[in-house]
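What follows is the residue order along each chain.
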Amino acid sequence: MSLLTDLINLNISESSEKIIAEYVWIGGSGMDLRSKARTLSGPVSDPSQLPKWNYDGSSTGQAPGEDSEVILYPQAIFRDPFRRGNNILVICDTYTPAGEPIPTNNRHKAAKIFSHADVVAEVPWYGIEQEYTLLKKEVKWPLGWPVGGFPGPQGPYYCGIGADKAFGRDIVDAHYKACLYAGVNISGINGEVMPGQWEFQVGPSVGISAGDEVWIARYILERITEIAGVVVSFDPKPIEGDWNGAGAHTNYSTKSMREEGGYEVIKKAIEKLGLRHKEHIAAYGEGNERRLTGKHETADINTFKWGVANRGASIRVGRDTEKEGKGYFEDRRPASNMDPYVVTAMIAETTILGKQ
């Protein structure tokens, strides 16, 4: 085993200029991450220097068998925390051989919105709080829970410490450091209300980069749990009953919101979000109705409301923002399995471009 570990940890830059690029993309379900690696002749610093590649879309639910080729377009580069050295992870989006984005390519749609002159001028910042649940591989039951049974009620687990309160911290810390190494703008982690559930935060990130960073952070987490023999779940309500669900609260601000008088801009933006509540809910993650019940720090899925420091609201405004008259707000509706390209672009589209 030590020989295998030695080989895995080989520093190829000591003997070759060549590097390994791991191309990462989103599969047909919208949540299944896929990846494959290729050798490049030397270090690369910009996605435009990378070759396009292809894969069998019929095996990912993205193309028919008789015309299965899907083309990968490199879009963002991160350092590879697994192979290290000059090796890289590459976020890609997906196109037909004719150059048309395939239907599941939500990045392309988001990039159109983020390249709009009005959106560019507002420099939208996002901070995404990604919750997830660690499950035992064989039984798909939360880490730290007795098999077929339940732990004590919620209360001591949120930001808790100790072997009877925090389950999987080694995975969480490994992920935190790996993201920092990769160049992800990860801003923190914490244990969540339900035991076995954790959260990491990405941001503030500008525009399309928020989606790129959340997706590569998810990829890194999946790879680490693969090594640990644990399953990561992004289900918005992994355990039914009196247990918190899992969300992806999305903090948001624009240049106008961050400047003097920004609080009035924030209130107008929230009003616009309320007018498109149904459309946003439809795009904010599958199974979200099991989470947004009006209990466990959520607003009912059919109700739109906002408030200052109210964690039972659809939109929460912080005390500091109210006090300073400028800042940001938090959209608490997105589920943990949301597509960050969809959510971030839709918020900008509604609040900046005024889509109704």
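Residues numbered from 1 in each chain as written. Predicted model: local features only at pLDDT ≥ 70, side-chain atom pairs only at ≥ 80, totals over all residues. Heavy atoms only, no water.

Draft legend 1. Structural context of the overall build of the protein. Summing up its helical and strand segments, the protein has 10 helices and 13 strands in all. By the compact-globule yardstick of 21 Å for 356 residues, the protein fits well, its C-alpha radius of gyration being 21 Å. Overall size of the protein, expressed as C-alpha extent along the three principal axes, is 60 × 55 × 40 Å. Looking at the protein as a whole, 50% of its 356 residues qualify as buried. Sequence-distant contacts, at least 24 apart, represent 64% of the contacts inside the protein between residues at least 6 apart. Carbon and sulfur atoms make up 51% of the accessible area of the protein, which totals about 16200 Å². Averaging the locations of the 39 positively and 46 negatively charged side chains of the protein gives two centres separated by 2 Å. (Helix = DSSP H or I, 4+ residues; strand = E, 2+ residues; numbered from the N terminus. Rg over C-alpha atoms; globule rule 2.2 N^0.38 Å. Buried < 20%, exposed > 50% of the residue type's maximum accessible area, 1.4 Å probe, protein only. Contact = heavy atoms within 4.5 Å. Areas by Shrake-Rupley, 256 points an atom, 1.4 Å probe, with all protein chains shown as cover. Lys, Arg positive; Asp, Glu negative; His and termini not counted. Charge placed at Lys NZ, Arg CZ, Asp CG, Glu CD.)

Draft legend 2. Representation of unusual backbone geometry in the model. P204 follows G203 through a cis peptide bond whose omega is 5 degrees. Looking at where P204 falls in the secondary structure, it is placed in strand 8 (residues 197-206). Of note in the backbone geometry, K140 takes a positive phi value of approximately 50 degrees without being a glycine. With respect to the helices and strands, K140 occurs in the loop between strand 6 (125-136) and helix 4 (169-182). In this model, A309 sits at a positive phi of 60 degrees, which is unusual for a non-glycine residue.

Draft legend 3. Structural view of the UniProt feature "domain: GS beta-grasp" (unreviewed entry) in the protein. Per the UniProt entry, the sites bearing "domain: GS beta-grasp" (unreviewed entry) are residues 19-99 in this numbering. With 0% helix and 48% strand, residues 19-99 has end C-alpha atoms that lie 27 Å from one another. (UniProt positions renumbered as here; feature names shortened; annotations may be inferred.)

Draft legend 4. Fine view of the environment of R169. One can find R169 in helix 4. In this structure the C-alpha to C-alpha distance between R169 and G196, which are 27 residues apart in sequence, comes to 9.4 Å. Apart from the residues lying within four places of it in its own chain, the contact partners of R169 are G160, I161 and W198.

Draft legend 5. Spatial organisation of helix 2 (residues 106-114). Within the span of helix 2, buried status applies to R107, A110, I113 and F114. The arc that holds the buried residues of helix 2, viewed along the axis, is 120 degrees, so those residues lie on one side. Among the structural elements, strand 4 (69-79), strand 5 (88-95), helix 3 (117-122), strand 6, helix 5 (208-228) and helix 10 (340-351) are those in contact with the buried residues of helix 2. Capping of helix 2 at its N-terminal end is provided by N105; its side-chain oxygen lies 3.3 Å from the backbone amide nitrogen of R107. (Arc of directions from axis to C-beta. Polar contact = N/O pair within 3.5 Å; in protein donor to acceptor, adjacent residues only side chain to side chain.)

Draft legend 6. Representation of the state of the cysteines in the model. Scanning the model with the defined rule gives 0 disulfides in all. Free cysteine: C159, not disulfide-bonded; nearest cysteine sulfur from C179 at 18 Å. C179 takes part in no disulfide bond, and the closest cysteine sulfur, belonging to C92, lies 18 Å away. Of the residues examined, C179 reaches a relative accessible area of 0% and is grouped as buried. (Disulfide = S-S within 2.5 Å.)

Draft legend 7. Up close: the side chain of D93. Tracing the chain through its elements places D93 in strand 5. Within the buried set, D93 has no salt-bridge partner at all; the shortest N-O distance to an opposite charge, 4.6 Å, is to R107. Here Q75 takes part through its side chain, which lies 2.9 Å from a polar atom of the side chain of D93. Ignoring sequence-local partners within four residues, the contact set of D93 consists of I71, L72, Y73, Q75, N105, R107 and H108. (Salt bridge = Lys/Arg side-chain N within 4 Å of Asp/Glu carboxyl O.)

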